[in-house]
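What the coordinates show
Listed here are the chains, written in short residue letters.
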Amino acid sequence: KNVMGMIKGEKLPDEYLVIGAHYDHVGSSRPNDPAKDSIFNGADDNASGTTGMMIAAEALANAPDKPKRSIVFVGFSGEEKGLLGSKAFVDSSPLPIANCVAMLNMDMIGRSVNDTLYIGGNTRCKELANLNAEMNRTLFESDSMHLSYTIEQYFFRSDQASFAMKRIPVLFYYTGEHEDYHKVSDEISKLDMDRLVKIATLCSHTAWATADLPMRLTFTPLPGDDLSE
């Protein structure tokens, strides 16, 4: 099941932005040696993203003010089975999907290398990507993360794709694939917690700034996008 929470907006509460992350993983295996590890803990994929989402939810819920639009936090199920949870959300949403102004997705944000953060979906809404880049500069100044826009080959493998196919501007936060991807060796000890918190902070501020914009952002489809009517 998907799990959802909401901070109601003050001025346009019926419009909303989604911060999401998938909480499922690939389960367990049956190794030939019963003494070997059989559990896919999924520390980076995607306990890192759901942790980032909960950090964002706690921080924004405790803020002294409220955003103009509502901010919705969704833990998606079934991502590993084909984006099932996010597809269900956009197709049978508990909130009118036409009122969703943007979606920010954190998937595998725990293994940053050289303080690089990969951003996907930027070509479908350059204004949202530019806002995120500005937040990166102003929040961290001389310690800002290096933002790389080279992961479009992964775009349809994570939950932001379900929202993009509804013409909703999206960003995909990702720190890169690694040798422990979908293996029992994806352990919590290998996560960079400081960078995880930094990415969650960037996502939180970008979400708030987007929710406070005077106008909704525009989605620009790419050739080959299978857009829903």
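As a starting point, this report considers the structure included with it. Just so you know, these numbers come straight off a predicted model, no measurement behind them.

Rules used in this analysis
Residues numbered from 1 in each chain as written. Predicted model: local features only at pLDDT ≥ 70, side-chain atom pairs only at ≥ 80, totals over all residues. Heavy atoms only, no water. Phe/Tyr/Trp six-rings, centres within 6.5 Å; stacked < 30°, edge-to-face > 60°. Helix = DSSP H or I, 4+ residues; strand = E, 2+ residues; numbered from the N terminus. Buried < 20%, exposed > 50% of the residue type's maximum accessible area, 1.4 Å probe, protein only. Lys NZ or Arg CZ within 6 Å of the ring centre and 35° of its normal.

**A look at the packing of aromatic side chains**
Within this structure, the stated rule accounts for six aromatic pairs. An angle of 35° between the planes, with centres 5.8 Å apart, marks the rings of F89 and F163 as tilted. Placement of the pair is F89 in helix α2 (residues 84-91) and F163 in helix α4 (residues 160-164), with a sequence separation of 74 residues. Each member of the pair, F89 together with F163, is buried. Considering the side-chain rings of F172 and Y174, the 5.3 Å spacing of their centres and the 35° angle between planes classify their relative orientation as tilted. Residue class for Y174 comes out buried when judged on its relative accessible area of 3%. Put simply, the rings of F76, F89 and F163 pair up and form one aromatic cluster. The ring of F155 carries R124 above its face, with NZ or CZ at 3.9 Å from the centroid. One cation-aromatic arrangement involves K198 over F140; the distance from NZ or CZ to the ring centre is 5.1 Å.

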